[in-house]
Amino acid sequence: MFELVFLGTAAAVPSAERGSPALLVARGPARFLVDCGEGTQRQLMRGELGFRGLGHVLLTHLHLDHVAGLAGLLATRQLYQLGGAIEIVGSHETVAFAHRYLSATVGTEREGGYRLRAVLPGLVLSRPGWRVTALPVAHRGTQSLGYLFEEETRRALLPDRLDALGVPEGPERAALASGHPIVLADGRSITPEMVQGPNVPGAKLAIIGDVEEIASLVEPVRRADALVIEATFLERDSALAKSRGHLTAAAAARLAREAEVGELLLTHISGRYQSEEILAEAARLFPKARVAADFDRVSVTPTPPPKQEREGRRRGEVIRYRRRRGFRRGRPDG
Ligand SMILES: [Zn+2]
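Residues numbered from 1 in each chain as written. Predicted model: local features only at pLDDT ≥ 70, side-chain atom pairs only at ≥ 80, totals over all residues. Heavy atoms only, no water.

(A) Quick peek at helix 4 (residues 92–105). Its 14 residues place the ends of helix 4 20 Å apart at the C-alpha level, agreeing with the 20 Å of an ideal helix rising 1.5 Å per residue. Residues of helix 4 that are buried include every one of Thr 94, Val 95, Ala 98, Tyr 101 and Leu 102, and no others. Looking straight down helix 4, one finds that the buried residues subtend no more than 130° of arc, so they occupy a single side. Within helix 4, the exposed residues directed more than 90 degrees away from the buried face are Arg 100 and Ala 104. Residues of helix 4 that are buried in the fold lie against helix 2 (64–67), helix 3 (70–79), strand 5 (86–90) and strand 6 (114–118). Just past helix 4, the residue Gly 107 takes up positive phi, approximately 100°. (Helix = DSSP H or I, 4+ residues; strand = E, 2+ residues; numbered from the N terminus. Expected span 1.5 Å × (residues − 1). Buried < 20%, exposed > 50% of the residue type's maximum accessible area, 1.4 Å probe, protein only. Arc of directions from axis to C-beta. Contact = heavy atoms within 4.5 Å.)

And the structure:
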């Protein structure tokens, strides 16, 4: 399960209600910021989240509304003498900008308590049972990235089967749980397959920042349990959306529908519209849509497969419900 706290949901300029773009993603004790707009450190305080456990900032692109909060956040961490460097991840272009900006403000990596890491689309980090990957995103000629947080499919052990086969508690069960066969004291061999339940899919969370088209995103975000994406404009201003390199709420909803995601979470909301208008436009095409507000908290858990597929599974048919595990590598300058 991934937990989200929306810290800033405004487009371009903050407002009294909405902060500049920033999203906290947590899984267990690990915490990530995706983007760090101006004022993010205060939003962390207001959300009673603090800085603890914050190990990474994943930047979608170099536009100021998405990165301006980095220097203040790092300066405060240094002032409080919070140990450990924050790793700041982004495309080469984004990281080059962050390097210029941070070295002129908080100083070198050592002085400022940060580490810069430029990545290409592909694996960003891997932890036991889950991982983060980056994908290329097209936005006004920038090297933009989106991020996928994905848990692996796992197979839990069935206590009834373990008991029936006489597998004792302790290291034997631990070995089976980590996929290794064991030999019991009486000489019987037990393989993991003999005591495992069905596959339990993990959660998939897709986070896309600013973006000007949806076609290239359908496959990467397919069947995400939650898709976080911008909805800066309404369809009546689609010409403006196109010229500014942003999406309309309808376009974001079309992506959610085509990619069969579980839930659509809209952010990067322009002050020119009411949230209700954004929601109404999206929900006409994709009912499980929601417009995020600052400090909204959302848990992302695996979506149960659609009904006909569950029935298909019961009948033993070949089913389509499968997570995409491959990632196309590509240039980040879409
Ligand atoms: Zn933006």
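(B) Geometry of unusual backbone geometry. Backbone geometry at Ala 12 places phi at a positive 60°, although glycine is not the residue there. Counting through the fold element by element, Ala 12 comes out in the loop between strand 1 (2–8) and strand 2 (22–27). Under the relative-accessibility criterion, Ala 12 is labelled exposed at 53%. Even without being a glycine, Glu 260 presents a positive backbone phi close to 55°. Inspection of the secondary structure puts Glu 260 in the loop between helix 10 (249–258) and strand 16 (263–267).

(C) Expanded view of the coordination of the zinc ion. Around the zinc ion, the protein supplies Asp 65 (OD), His 66 (NE2), Asp 210 (OD) and His 268 (NE2) as donor atoms, at distances of 2.1 to 2.5 Å. Angles of 90 to 162° at the metal separate the 4 donor atoms of the zinc ion, which places the site in the irregular class. Taking relative accessible area as the criterion, Asp 65 reaches 14% and is therefore assigned buried. (Donors = N, O, S within 2.8 Å, 3.2 Å for Na, K, Ca; no water. Tetrahedral: all angles 85-135°; square planar, octahedral: opposite > 155°, others 65-115°.)

(D) How the structure looks around the sheet that holds strand 17 (residues 289–291). Taken together, 7 strands build an open sheet; the order of strands is 7-8-9-14-15-16-17 and the sheet is mixed. Looking at which strands have only one partner, the edges of the open sheet turn out to be strand 7 (122–127) and strand 17. On average, adjacent strands in this sheet sit at an angle of 15° to one another, irrespective of strand direction. Each of strand 15 (226–230) and strand 16 is contacted by helix 10, which is oriented at about 155° to strand 15, the strand it contacts most. The sheet strands contacting helix 11 (residues 275–285) are strand 16 and strand 17, and the helix crosses strand 17 at an angle near 165°. (Pairing = 2+ DSSP bridges. Axes fitted to C-alpha atoms, helices over the stretch in contact; angles between N-to-C directions.)

(E) View of the packing of helix 3 against helix 4. Across the interface, helix 3 lies against helix 4 with an axial gap of 10 Å and an inter-helix angle of 45°. Here helix 3 lies oblique to helix 4, going by the angle between them. As for how helix 3 packs across helix 4, the hand of that crossing is right-handed. Between helix 3, through Leu 70, Ala 71 and Leu 74, and helix 4, the contact on the second element is made entirely by Tyr 101, Leu 102 and Thr 105. By residue class, the composition of the contact of helix 3 with helix 4 is 5 nonpolar, 1 polar and no charged. (Parallel < 35°, antiparallel > 145°, perpendicular 65-115°, else oblique. Left-handed = near helix turned anticlockwise from the far one by under 90°. Nonpolar A, V, L, I, M, F, W, Y, C, P; charged D, E, K, R; others polar.)

(F) Layout of the sheet that holds strand 5. The 7 strands are arranged 6-5-4-3-2-1-18 in an open sheet whose pairing can be described as mixed. This sheet does not close on itself; its edge strands, each paired only once, are strand 6 and strand 18 (297–300). This sheet shows a mean twist of 20° between the axes of neighbouring strands, independent of strand direction. Two elements, strand 3 (residues 30–36) and strand 4 (residues 54–58), share 4 bridges in a ladder whose sense is parallel. Bridging across to strand 4, Leu 33 finds its partner in Val 57. Across the sheet, helix 3 lies against strand 3, strand 4, strand 5 and strand 6, angled at about 165° from strand 5, the strand it touches most. Its contacts with the sheet place helix 4 against strand 5 and strand 6, and it is angled at close to 155° to strand 6.

(G) The arrangement of the nonpolar core in detail. Among the nonpolar cores identified, the biggest contains 35 residues, and Ile 208, Leu 227, Ile 229, Leu 255, Leu 264, Leu 266 and Ile 278 are the most heavily contacted of them. Put simply, the parts of the chain that give this core at least two residues each are strand 8 (130–137), strand 15, helix 10, strand 16, helix 11 and strand 17. Among the elements that take part in this core, helix 10 stands out by supplying 6 residues, more than any other. Formed by 27 residues, the second largest nonpolar core is a distinct cluster that contains Val 89, Val 119, Trp 130 and Leu 145. (Core = buried A, V, L, I, M, F, W, Y, C linked by side-chain atoms within 4.5 Å.)

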